[in-house]
Amino acid sequence: MTARRLCFTGPRSVEVRDREVPDPGPEEVRVRTVASAISAGTEGLLYRGEAPAGLAADETLDALDGDLSYPLTYGYAAAGEVDAVGECVPEAWLGRRVFAYNPHESRFLARPEDLLAIPDGVPTREATLLASVETAVTFLLDGEPLLGERAVVFGQGIVGLLTSALLAEMPLDALVTVEPWARRRAVSEKFGADRTLDPADCEVADAVEAAAGGRVDLAYELSGNPDALDDAIAATEFDGRVVIGSWYGTKPATVDLGGRFHRSRIDLRSSQVSTIPPRHGGRWSRRRRHEVAWDRLERLDADRLLTHEFPLEEAADAYRLLAAGGEDALQVLFTYD
């Protein structure tokens, strides 16, 4: 059977290529993809040529081998249906809706243990958001928000919005978000932010301090903009935490660690979804994190986040849209016949 697969061939260059997909082996299944979500952060870096070429694609995902040099296939948020099973796989898998950390392609083989069954309450297209919700869950595990604290989230792209939605469930005294695009600020408020700020209209650190009723205890830098890290540090009070969830790729980050930072004992934490935070490793596993992410996704009004769909054959248009930026593009999906 022939499948279509997306390939990054160079900066601002993508192709859709055919490849043969054999029948599943004895312990494999074949998945027909319905939709897959574009990671605007990581895939944006790949598209623009700003990802470090020598870095492994993802050592924790078997479907992503090699490094980030061109040409490469990428993607980790595919949702579809099992359309064939190997002789040793129970027939119950046939027709099952599943999520996979798999590159953008119309059909692929997988082992059942590498797939996640999509809960009945989650539509297939919305299931493509699981990886982003799982990232947001990880950010909360790393940030450890506490009763009565004040938090700020810089950046309200898809992961920033989901992080804000989860933080809004916590017993915080204040939740402030910072985002230049009006539509994203509006969604942020619907997801529970107490106040949202346009960084072009204010001195960010002072405005965050005023909006939060004093300097914040916990800041998240999720904008993808290295300059926002200075604002996150400046807005954080003594002994506060700054969780850095953005991946800047090859973009340099010049951080001001002079002034009050030296005496403030601010904790800068790198957070990334490929691993469980070590401090929680004794009680949390990927399975538990998946269960929490599915539960939160089922409760979210996630449909409002799915703003654009492109057939895989129009991938170049999808990436041009994301590269141009703008408030209208939140989660962009590829769809498959």
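Refer to the structure above for everything that follows.
Analysis parameters
Sequence order sets the numbering: in each chain, residues are counted from 1 along the sequence as written. Residues qualify for local features only when their pLDDT is at least 70, as the model is predicted, and side-chain atom pairs are given and counted only at 80 or more; totals for whole chains, interfaces and linings, by contrast, use all residues. Based on all heavy atoms of the structure, the side-chain values leave hydrogens and waters out of the count. Runs of E in the DSSP output that reach at least two residues are strands. Runs of H or I that reach at least four are helices, and both are numbered from the N terminus. A simple rule labels every residue: compare its accessible area, found with a 1.4 Å probe on the protein chains alone, to the largest value its type can have, and call it buried under 20%, exposed over 50%, or partly exposed in between. The contact definition used throughout considers only heavy atoms, calling two residues in contact when any of these lie within 4.5 Å. Accessibility throughout is a Shrake-Rupley quantity obtained with a 1.4 Å probe, and a residue counts as covered only by protein chains that appear here. The charge count treats Lys and Arg as positive and Asp and Glu as negative. His and the chain ends do not count. Each charge is placed at NZ for Lys, CZ for Arg, CG for Asp and CD for Glu. Only one rule defines a salt bridge in this text: a Lys or Arg side-chain nitrogen within 4 Å of an Asp or Glu carboxyl oxygen. Axis lines are fitted to C-alpha atoms, over the contacting stretch for helices. Their N-to-C directions set the angle, which ranges from 0 to 180 degrees. Here the angle decides the label: under 35 degrees means roughly parallel, over 145 means roughly antiparallel, 65 to 115 means roughly perpendicular, and every other value means oblique. With the far helix as reference, a near helix turned anticlockwise by less than a right angle produces a left-handed crossing, and one turned clockwise produces a right-handed crossing. Three categories are distinguished: nonpolar for Ala, Val, Leu, Ile, Met, Phe, Trp, Tyr, Cys and Pro, charged for Asp, Glu, Lys and Arg, and polar for the others, with Gly belonging to the last. To define a nonpolar core, start from buried Ala, Val, Leu, Ile, Met, Phe, Trp, Tyr and Cys residues and group those joined through side-chain atoms within 4.5 Å. In this analysis, rings of Phe, Tyr and Trp, with Trp reduced to its six-membered ring, are considered paired at centre separations within 6.5 Å, and the interplanar angle assigns stacked below 30 degrees, edge-to-face beyond 60, and tilted for intermediate values. Two strands are said to pair when DSSP picks up at least two bridges between them. With its strands directed away from the observer, a crossover is right-handed exactly when the path from the first strand over the helix to the second travels clockwise.

Chemist: What am I meant to see in the overall build of the chain here?
Modeler: Within the chain, the secondary structure is distributed over ten helices and 15 strands. For the C-alpha atoms alone, the extent of the chain along its principal axes is close to 65 × 40 × 35 Å. Taken across its 337 residues, the chain has 52% of its residues classed as buried. Long-range pairs, those at least 24 residues apart, make up 68% of the contacts in the chain between residues at least 6 apart in sequence. Carbon and sulfur atoms make up 46% of the accessible area of the chain, which amounts to about 14800 Å² in all. Each charge class in the chain can be summarised by its mean position, and for the 36 positive and 57 negative side chains these summaries are 2 Å apart.

Chemist: What's the story with helix α7 (residues 228–235) in this structure? I'm lost.
Modeler: Because the α-helix completes a turn every 3.6 residues, residues three or four places apart line up on one side. A228, L229, A232, I233 and A235 are the residues of α7 that are buried. If you follow the buried residues of α7, they end up packed against β8 (150–154), α6 (204–212), β11 (216–221), β12 (236–244), α8 (261–264) and β13 (267–270).

Chemist: How do you make sense of the pattern of salt bridges when you look at a structure like this?
Modeler: Applying the stated criterion across every chain, the model contains 26 salt bridges. The partner of E105 in a salt bridge is R5, with the nearest N and O atoms 3.1 Å apart. One end of the pair, E105, is in the loop between β5 (97–100) and β6 (107–110); the other, R5, is in strand β1 (residues 2–10), and 100 residues separate them in sequence. With relative accessibility at 2%, the residue E105 sits in the buried group. Note that R269 and D267 form a salt bridge whose closest N and O atoms lie 2.7 Å from each other. In this structure D267 comes out as partly exposed when scored by relative accessible area, which is 29%. Because the salt bridges share partners, they merge into one network encompassing D142, E144, D267, R269 and R279.

Chemist: What exactly am I supposed to notice about the packing of helix α3 (residues 130–143) against helix α4 (residues 158–167) here?
Modeler: If you want to describe how two helices pack, look at the angle between their axes and the distance between the axes. Contact geometry of α3 with α4 gives a least axis separation of 9 Å together with a crossing angle of 55 degrees. Accordingly, the angle class assigned to the pair α3 and α4 is oblique. Crossing geometry of α3 relative to α4 is assigned as right-handed. Between α3 and α4, the contacting residues are S132, V133, T135, A136, V137, F139 and L140 on the first element and I158, V159, L162, T163, L166 and L167 on the second. Split into classes, the residues belonging to the contact of α3 with α4 amount to ten nonpolar, three polar and no charged.

Chemist: How should I be thinking about the nonpolar core in this particular structure?
Modeler: One recurring pattern in soluble globular proteins: nonpolar side chains tend to sit buried together. Among the nonpolar cores identified, the biggest contains 46 residues, and F99, Y220, W294 and L305 are the most heavily contacted of them. Among the secondary structure elements, those contributing two or more residues to this core are β3 (29–37), α3, β8, α4, β11 and α9 (286–299). Counting residues per element, this core draws most heavily on α3, at eight residues. F99 has contacts with Y76, A77, A78, A79, L115, L116, I118, A127, T128, L130, A131 and W294, leaving out every residue within four places of it along the chain. In this structure, V176, V178, I233 and Y248 belong to the second largest nonpolar core, which totals 21 residues.

Chemist: What exactly am I supposed to notice about the packing of aromatic side chains here?
Modeler: The description of an aromatic ring pair uses the distance of the two centres, along with the angle that the planes make with each other. All told, the structure shown has seven aromatic pairs when counted by the stated rule. Here F139 and Y220 contribute two aromatic rings whose centre-to-centre distance is 6.4 Å and whose plane-to-plane angle is 45 degrees, an arrangement assigned as tilted. Of the two residues, F139 is situated in helix α3 and Y220 in strand β11; the sequence distance between them amounts to 81 residues. Accessibility classification places F139 together with Y220 in one group, the buried group. An aromatic cluster is defined as three or more aromatic residues linked by ring pairs; in this entry it consists of F8, Y47, Y319 and F334.

Chemist: Would you explain the environment of R263 in this entry?
Modeler: When you line up the elements, R263 lands in helix α8. Among the residues examined, R263 registers a relative accessible area of 72% and is labelled exposed.

Chemist: Honestly, the sheet that holds β12 in this entry has me stumped. Any pointers?
Modeler: In sheet architecture, strand pairing relies on hydrogen bonds along the backbone and comes in two forms, parallel and antiparallel. With respect to topology, six strands assemble into an open sheet ordered β10-β9-β8-β11-β12-β13, the strand pairing being parallel. The sheet is open, and its two edges are formed by β10 (195–197) and β13, each paired on a single side. Strand-to-strand twist across the sheet, computed as the mean angle between neighbouring axes with direction ignored, equals 20 degrees. Looking at chain direction, β11 and β12 are connected through five bridges and run parallel. Note on β12: the bridge partner recorded for L218 is R241.

Chemist: Quick question: what am I supposed to make of the side chain of T135 here?
Modeler: Along the chain, the position of T135 falls in helix α3. Once residues lying within four places of it in the same chain are set aside, the contact partners of T135 are V159 and V273.

Chemist: Looking at this structure, how should I read the pairing of β12?
Modeler: A regular strand carries its side chains on alternate faces of the sheet. In this fold, the crossover linking β11 to β12 by way of α7 has right-handed handedness. Pairing of β12 with β13, which is carried by four bridges, proceeds in the parallel orientation. Looking at β13, one finds that R241 is bridged to D267.

Chemist: What exactly am I supposed to notice about the packing of α6 against α7 here?
Modeler: Running from N to C, α6 and α7 cross one another at 40 degrees; their axes reach a closest spacing of 8 Å. By the angle between their directions, the pair α6 and α7 is classed as oblique. Considering only the axes of α6 and α7, their crossing is right-handed. Residue-level contacts link V204, A205 and V208 of α6 to D231, A234 and A235 of α7. For the contact of α6 with α7, a count of residues per class yields five nonpolar, no polar and one charged.

Note that every value here comes from positions in space, so none of it alone points to a role or purpose.
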